[in-house]
Amino acid sequence: MTGLSPADSPYYDAEYETMSRDRLADLQLELLTETVAFAYEHSALTRKTWDAAGITPADVRSLDDFTEKVPFLDKDALRRFRDERKDPYGGVLCRDQSELTAISSTSGTTGDPTLVPEVWGGGFVGRPAIMYRDFWGMGVRPGDHVALFLFTFRGPTYGFVQQLGAIPVLFDYGVDEIERLLRCSLQYRPTALYNFGGSMINATEEIAARAGIDPRDAFSSYHAVVFAGEPLGERARRLADAWGIELFEHSNVGDVTACFECPAHDGMHFWEDMAYVEGIDPLALDHRDAQPVSGDRVRCELVATALSNRVAPLVRFRSDDLVEIDRSPCVCGRTHARIWTIGRKGDEVVVQGASVLPVDVWAAIESVEACRLGLFQVVRPNRESDELRLRVGYQDTPEGRLGSLVEEVADAVRAAVGVEPVIELVANEELLRLGPPHKIPRVTAR
Amino acid sequence: MAWGVGQYEVSDRTRVAWEVGHDEIDRAIGAGSTVLAGLGISAGDRVLFTSMLSEAVHFWPLVLATMLAGAQLSCADAARGEARRVRMFTRLLAYRAVLGITPAVLDGLDELGADYTDVLGRVPVIGARPGAYERLAGTGLAPHDFVLAGPAVAIATEPGGPAWVNRDEWELDIDDGWVTVTSRRPRLTGFDRVRTAVRASVVDGHGLVPARSWPDRGPRP
């Protein structure tokens, strides 16, 4: 499979990527109506949740009905259902177990990974979208090499590269693979790299110097370097700029779909024929008092519904993710909405009345040379705390200098958030072990 | 056009880029189906693969053969931090086979305080890589040798027996204790007595028995 559009088109599927908002809304209502009927009929958790709210799919005749009447699901509800009913799929599986091809899992950053049942080649309705439209938009074309710097828990991600007519060059996600990535980049001249986050970019500087490779040469063939999992700090952005890398941010959208930046770099597009995404008041207790946040670029909690998944569709899945959404047209010509991630609602710690999210201390920590990989955790036994406790990763520091390093980090954090932190230093390796490989839990209870 | 570019390890542990063609992968899928059938994997079973992305050229044929057999598959990285995922899978679902267990995964289970027999004891076929084999066997489990010998995958058909590569594709020999690999059919990347990172004895030119590093203490099978 290659593009549905000519090779010189910036769009993989011009018709769908640029369709009018009115037509998109009609398509969404059509897909949503199918999805809710399907999920209510086949998903035990959806039926239980809807029955408790006293509604059926017949009550959903419009997008307004949907947002007013349909109750939320969240990850705790899935885990509860899983444990109570001994259902490993948390009550969302809509197929007979014997029909499944694969059972993958979520990253598990915020708790035990949950299972993701899949039917390869028959689990989705609609047109190819996620990854296909995004990487085509970044300039990947048939015959290109694409470097994949990833883990395996999502299954064979290289399939989309091959479906685009390109050739995957395969690497493990980890610092140990960076030198090989640089050498193979010089050899195969890939046009895209997926997924290369802040810690990897920061580590590349030293590894490239040791290997005698100029990162500008190694990365000169790339049209796009995609990063995900965590925000990118200032240091990594500076390095990427210096090496001539064009970075594209990528994220998960409520465990339902994914989003990627387009070449305009003004938010991450998610494909609205794949998911119906809403923003709600983060403080809402349930769907009855969840005020929709409809203004563009207003902070809200993301709620997502799968429109094309016919294996285990999540309906009104409340993500805990704080985001901003913009549905106005993008200068790239795509009409699908864009999103900006802010952090996780559950990650906020209130210290002496001041709200602190991991993103607020990130730049301060990685500005300290020994902590340049930006590895740290907020230790948060409770949402409200008298002190800001941070566990911070370091490198290249003899034991006798750790006392002054603590002071240096504390000074930087205090200057950033105005709160005196309590710093615990640990070796970077200790934190990296806490994976999943592409990110570490940024908030921990102890 | 190539299917992809993976890597294999040579005797000094260096990783060498390895370009593989679609027809090579197709042949490996066919051979993988035979191997899985020999391990008793059939429709309705489940297989958990523990591998790294750079090993996809080795593992994809087995993944697809699993699907073609009508069995279901799951994936986890063969890494320390993924032990939690491996434990989660085997706790929630019944697997016929877990293939590719590495010492790193076992290190991760140790860190979690998880007993190998609790995590893997209900799994009939455990494919363990060198270093992991000894640790599992030491707890009373009966692993199969599962060895990436350079570009070739060698899998034992029974616990304690030699691990076999596809004899139509690969010929094994020994060079100073290291297993060498020679390709027997045309490939995008040819191999002529390439010294792999595996120390073993070779059986009949296509089987191998890895040199063991038994733990200092504890029982040996």
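Since the structure is predicted, the reported quantities are computational estimates derived from the model, not experimental observations.

1. So, the overall build of chain B
Here's step 1: Within chain B one finds six helices and 13 strands.
Here's step 2: Dimensions along the principal axes, computed over C-alpha positions, put chain B at roughly 45 × 40 × 30 Å.
Here's step 3: Scored against the burial criterion, the 221 residues of chain B give a buried share of 56%.
Here's step 4: Expressed as a percentage of contacts within chain B between residues at least 6 apart in sequence, the contacts between residues at least 24 apart total 57%.

2. A word on the overall build of chain A
Here's step 1: A tally of helices and strands in chain A yields 14 helices and 20 strands.
Here's step 2: For chain A, the spread of C-alpha atoms along the principal axes amounts to about 70 × 55 × 40 Å.
Here's step 3: Looking at chain A residue by residue over its 446 residues, the buried ones come to 61%.
Here's step 4: In chain A, the proportion of contacts linking residues at least 24 apart, taken out of those at least 6 apart, comes to 65%.
Here's step 5: When the accessible surface of chain A is summed, it comes to about 17,500 Å², and 48% of that surface belongs to carbon and sulfur atoms.

3. A word on the nonpolar core
Here's step 1: Ranked by internal contacts, the top residues of the largest apolar core, which has 112 residues, are A:Phe135, A:Leu148 and A:Phe196.
Here's step 2: With eight residues, helix 2 (residues 56-68) of chain B is the largest single contributor of residues to this core.
Here's step 3: Mapped onto the domain boundaries, this core takes at least three residues apiece from domain 1 (1-345) and domain 2 (348-444) of chain A.
Here's step 4: Not counting residues up to four positions away in its chain, the partners in contact with A:Phe196 are A:Phe149, A:Ile178, A:Leu181, A:Ile201, A:Thr204, A:Phe219, A:Val225, A:Val226 and A:Phe227.
Here's step 5: One finds A:Leu93, B:Leu48, B:Leu106 and B:Val123 within the second-largest nonpolar core, a separate group that totals 34 residues.

4. Let's talk about the packing of aromatic side chains
Here's step 1: Going through the model one piece at a time under the given rule, you end up with 28 aromatic pairs over all chains.
Here's step 2: Relative to A:Phe260, the ring of A:Tyr194 has its centre 6.2 Å away and its plane inclined at 50°; by these criteria the two rings are tilted. A residue pair is termed long-range when its members are at least 10 positions apart, and A:Tyr194 in strand 5 (residues 192-194) and A:Phe260 in strand 8 (residues 257-261) qualify at 66 residues. Like A:Tyr194, the residue A:Phe260 is buried in the burial classification.
Here's step 3: Pairing B:Phe49 with B:Phe59 gives two aromatic rings, centres 6.2 Å apart and planes at 90°, and the pair type is edge-to-face. Placement of the pair is B:Phe49 in strand 3 (residues 46-51) and B:Phe59 in helix 2, with a sequence separation of ten residues.
Here's step 4: Residue class for B:Phe49 comes out buried when judged on its relative accessible area of 1%.
Here's step 5: Ring-pair connections join several aromatic residues into one group, and the members of that group are A:Phe149, A:Phe151, A:Phe153, A:Phe171, A:Tyr173, A:Phe196, A:Phe219, A:Tyr222 and A:Trp243.
Here's step 6: Above the plane of the ring of A:Tyr40 lies A:Arg47, whose end atom (NZ or CZ) is 4.5 Å from the centre.

5. Points about the interface of chain A and chain B
Here's step 1: In this complex, chain A contributes 48 residues to the contact, which on the side of chain B involves 38 residues.
Here's step 2: Both faces considered, chain A and chain B share a buried interface measuring about 3,500 Å² in area, 58% of it formed by carbon and sulfur atoms.
Here's step 3: Where chain A touches chain B, the interface holds two salt bridges.
Here's step 4: For the salt bridge of B:Arg15 with A:Asp172, the shortest nitrogen-to-oxygen distance reads 2.8 Å.
Here's step 5: Taken together, chain A and chain B are joined by 18 residue pairs in polar contact (both at pLDDT 80 or more).
Here's step 6: Residue assignment for the side of chain A that touches chain B shows that the elements contributing at least two residues are strand 1 (102-105), strand 3 (145-150), helix 7 (158-163), strand 4 (167-172) and helix 8 (178-188) of chain A.

6. A look at the environment of B:Gly131
Here's step 1: Tracing the chain through its elements places B:Gly131 in the loop between strand 6 (125-128) and helix 6 (132-137).
Here's step 2: We classify B:Gly131 as partly exposed; its relative accessible area is 21%.

7. Description of the domain arrangement of chain A
Residues and elements named next belong to chain A.
Here's step 1: With domains assigned, chain A is organised as domain 1 (1-345) and domain 2 (348-444).
Here's step 2: Between domain 1 and domain 2, the residue contacts involve 21 residues of the former and 18 residues of the latter.
Here's step 3: Both sides together, the interface formed by domain 1 and domain 2 hides about 1,800 Å², and carbon and sulfur atoms give 58% of it.
Here's step 4: At the junction of domain 1 and domain 2, the tally comes to two salt bridges.
Here's step 5: For Arg372, the salt bridge is made with Glu206, and the minimal N-O distance between the two is 2.5 Å.
Here's step 6: In this assembly, domain 1 and domain 2 are joined by five residue pairs in polar contact (both at pLDDT 80 or more).
Here's step 7: Mapped onto the side of domain 1 that touches domain 2, the elements with two or more residues apiece are helix 9 (198-211), helix 11 (234-242) and strand 13 (338-344).
Here's step 8: Of all the elements, helix 9 adds the most residues to the side of domain 1 that touches domain 2, at four residues.
Here's step 9: For the side of domain 1 that touches domain 2, a count of residues per class yields seven nonpolar, seven polar and seven charged.

8. Observations regarding the packing of helix 12 (residues 358-366) of chain A against helix 13 (residues 402-417) of chain A
Residues and elements named next belong to chain A.
Here's step 1: Between helix 12 and helix 13, the least distance of the axes is 8 Å, while the angle of their chain directions is 140°. Accordingly, the angle class assigned to the pair helix 12 and helix 13 is oblique. Viewed along their axes, helix 12 and helix 13 form a crossing whose handedness is right-handed. Where helix 12 abuts helix 13, its residues Asp360, Val361, Ala364 and Ile365 lie against Val409, Ala412, Val413, Ala416 and Val417.
Here's step 2: Grouping the constituent residues of the contact of helix 12 with helix 13 by class yields eight nonpolar, no polar and one charged.

Cut-offs applied
- Residues numbered from 1 in each chain as written.
- Chains lettered and ligands numbered in written order.
- Predicted model: local features only at pLDDT ≥ 70, side-chain atom pairs only at ≥ 80, totals over all residues.
- Heavy atoms only, no water.
- Helix = DSSP H or I, 4+ residues; strand = E, 2+ residues; numbered from the N terminus.
- Buried < 20%, exposed > 50% of the residue type's maximum accessible area, 1.4 Å probe, protein only.
- Contact = heavy atoms within 4.5 Å.
- Areas by Shrake-Rupley, 256 points an atom, 1.4 Å probe, with all protein chains shown as cover.
- Core = buried A, V, L, I, M, F, W, Y, C linked by side-chain atoms within 4.5 Å.
- Domains from an automatic or database assignment.
- Phe/Tyr/Trp six-rings, centres within 6.5 Å; stacked < 30°, edge-to-face > 60°.
- Lys NZ or Arg CZ within 6 Å of the ring centre and 35° of its normal.
- Buried area = accessible area lost by both parts, 1.4 Å probe.
- Salt bridge = Lys/Arg side-chain N within 4 Å of Asp/Glu carboxyl O.
- Polar contact = N/O pair within 3.5 Å; in protein donor to acceptor, adjacent residues only side chain to side chain.
- Nonpolar A, V, L, I, M, F, W, Y, C, P; charged D, E, K, R; others polar.
- Axes fitted to C-alpha atoms, helices over the stretch in contact; angles between N-to-C directions.
- Parallel < 35°, antiparallel > 145°, perpendicular 65-115°, else oblique.
- Left-handed = near helix turned anticlockwise from the far one by under 90°.

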